[in-house]
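# Summary of the model geometry
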Amino acid sequence: LYADWKDFDKYVQMCRNGIPEFEVEMRLRNRYGDYQWYVVNGKTIIAEDGTPETVIGTIKNVDERKREELRKADERKRDPLTRLYRRFYARELMEEYLEKQAGEDYAGLVIIDIDNFKNLCESMGNAFGDEILHNVAADLEDIFYPTDILGRSGSDEFIIMMKYIEQISDIEKKLNEVLTSLR
């Protein structure tokens with residue numbers, strides 16, 4: 001859930017402090033309980049004594065445009081075949097996680113390489129290889145938690161950061177599940 005009201009409250013406070021105007025994109029709940037994206041524009045009216053008197057503004061529904069923007073942004077971050085994160089974005093998420101957790105939690109890094117993948121593609125065809133990659137990615141998504149970071153790091157390589165590891169046996173369990181699914 002986005003911290004929309006927290007962001008909006010910052011702008012309201014800025015208006016109270018005399019900022020002349022603002023524009024913010026945020027989600028608001030509609031009358032059906034669904035969140036939709038809006039652009040909120042506000043202008044501070046200053047009293048004769050120089051203090052903010054009131055704020056007037058408009059709210060415009062930009063839900064369709066914003067969802068399309070977010071969808072396109074997500075597409076750029078994902079490998080088109082496997083739908084896992086591309087290497088650069090997976091790495092960015094991993095670095096961000098490691099910086100934020102500051103040694104409080106353990107994490108596991110798993111790198112998976114499909115042996116003889118190039119030979120397999122040459123003998124069985126690229127479509128067959130694509131199907132294997134797609135199936136491996138689907139298996140990995142089933143095995144690992146949604147909070148873990150899964151990426152495709154090369155033509156036949158996958159990288160996974162397991163978050164919130166309590167003990168080494170957590171990693172061993174997941175690796176055994178991977179080995180079982182790949183056989």
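Keep in mind that what you see is a predicted model, and the values were worked out from it rather than measured.

You will see that N116, though not glycine, has its phi angle at about 55°, which is positive. Along the chain, the position of N116 falls in the loop between β5 (106-113) and α4 (117-124). Among the residues examined, N116 registers a relative accessible area of 56% and is labelled exposed. One non-glycine residue with positive phi stands out, namely Y164, at about 55°. By relative accessible area, Y164 is classed as partly exposed at 46%.

With that settled, consider the sheet that holds strand β3 (residues 52-61). The strands that make up a sheet are held in pairs by hydrogen bonds between backbone atoms, and each pair lies either parallel or antiparallel. Judged by pairing direction, the sheet is antiparallel, and its three strands sit side by side in the order β1-β2-β3 without closing on themselves. The open sheet has two edge strands with one neighbour each: β1 (21-29) and β3. Each adjacent strand pair in this sheet contributes to an overall mean axis angle of 30°, direction not counted. Sitting on the sheet, helix α1 (residues 4-16) touches β1, β2 (35-46) and β3, and the angle it makes with β1 is about 150°. Lying over the sheet, helix α2 (residues 63-77) contacts β1, β2 and β3, oriented at roughly 115° with respect to β2.

We now examine the side chain of D156. Secondary-structure assignment places D156 in the loop between β6 (149-154) and β7 (157-165). For the buried D156, no salt bridge exists, and the shortest N-O distance to an oppositely charged side chain is 7.6 Å, to R152. Filtering out sequence-adjacent residues up to four positions away, D156 remains in contact with I112, D113, I114, F117 and L133.

Another aspect to go through is the packing of α4 against helix α5 (residues 126-143). The description of two helices packed together rests on the angle between their axes and the distance between the axes. Remark: α4 packs on α5, axes separated minimally by 6 Å, with the N-to-C direction vectors making an angle of 135°. With respect to α5, the element α4 is oriented oblique. Counting all contacts with α4, which are made through F117, L120, C121 and M124, the residues of α5 involved are N126, F128, G129, I132 and L133. Split by residue class, the contact of α4 with α5 holds seven nonpolar, two polar and no charged.

A low pLDDT score tells you not to read the predicted coordinates there in detail. Averaged over the protein, the pLDDT score is 89; the fraction of residues at 70 or greater is 97%. The secondary-structure element of the protein with the lowest mean pLDDT is α1, recorded at 77, while strand β4 (residues 85-86) shows the highest, at 96.

The subject of this paragraph is the pattern of salt bridges. Inspection of the entire model under this criterion finds twelve salt bridges. In this structure, a network of salt bridges that share partners links the residues E25, R65, K66 and E69.

Topologically, C15 is positioned in helix α1. In this structure C15 comes out as buried when scored by relative accessible area, which is 3%. Along the primary structure C15 and G33 are separated by 18 residues, whereas in three dimensions their C-alpha atoms are 28 Å apart.

The next thing to look at is the packing of aromatic side chains. For the structure shown, the criterion picks out two aromatic pairs. In this structure, R27 is placed above the aromatic ring of Y35, and the distance from its NZ or CZ to the ring centre is 4.3 Å. Taking NZ or CZ as reference, K174 lies 4.2 Å from the ring centre of Y145, over its face.

What counts, and where the lines are drawn
- Residues numbered from 1 in each chain as written.
- Predicted model: local features only at pLDDT ≥ 70, side-chain atom pairs only at ≥ 80, totals over all residues.
- Heavy atoms only, no water.
- Helix = DSSP H or I, 4+ residues; strand = E, 2+ residues; numbered from the N terminus.
- Buried < 20%, exposed > 50% of the residue type's maximum accessible area, 1.4 Å probe, protein only.
- Pairing = 2+ DSSP bridges.
- Axes fitted to C-alpha atoms, helices over the stretch in contact; angles between N-to-C directions.
- Contact = heavy atoms within 4.5 Å.
- Lys, Arg positive; Asp, Glu negative; His and termini not counted.
- Salt bridge = Lys/Arg side-chain N within 4 Å of Asp/Glu carboxyl O.
- Parallel < 35°, antiparallel > 145°, perpendicular 65-115°, else oblique.
- Nonpolar A, V, L, I, M, F, W, Y, C, P; charged D, E, K, R; others polar.
- pLDDT = per-residue confidence, 0-100.
- Phe/Tyr/Trp six-rings, centres within 6.5 Å; stacked < 30°, edge-to-face > 60°.
- Lys NZ or Arg CZ within 6 Å of the ring centre and 35° of its normal.

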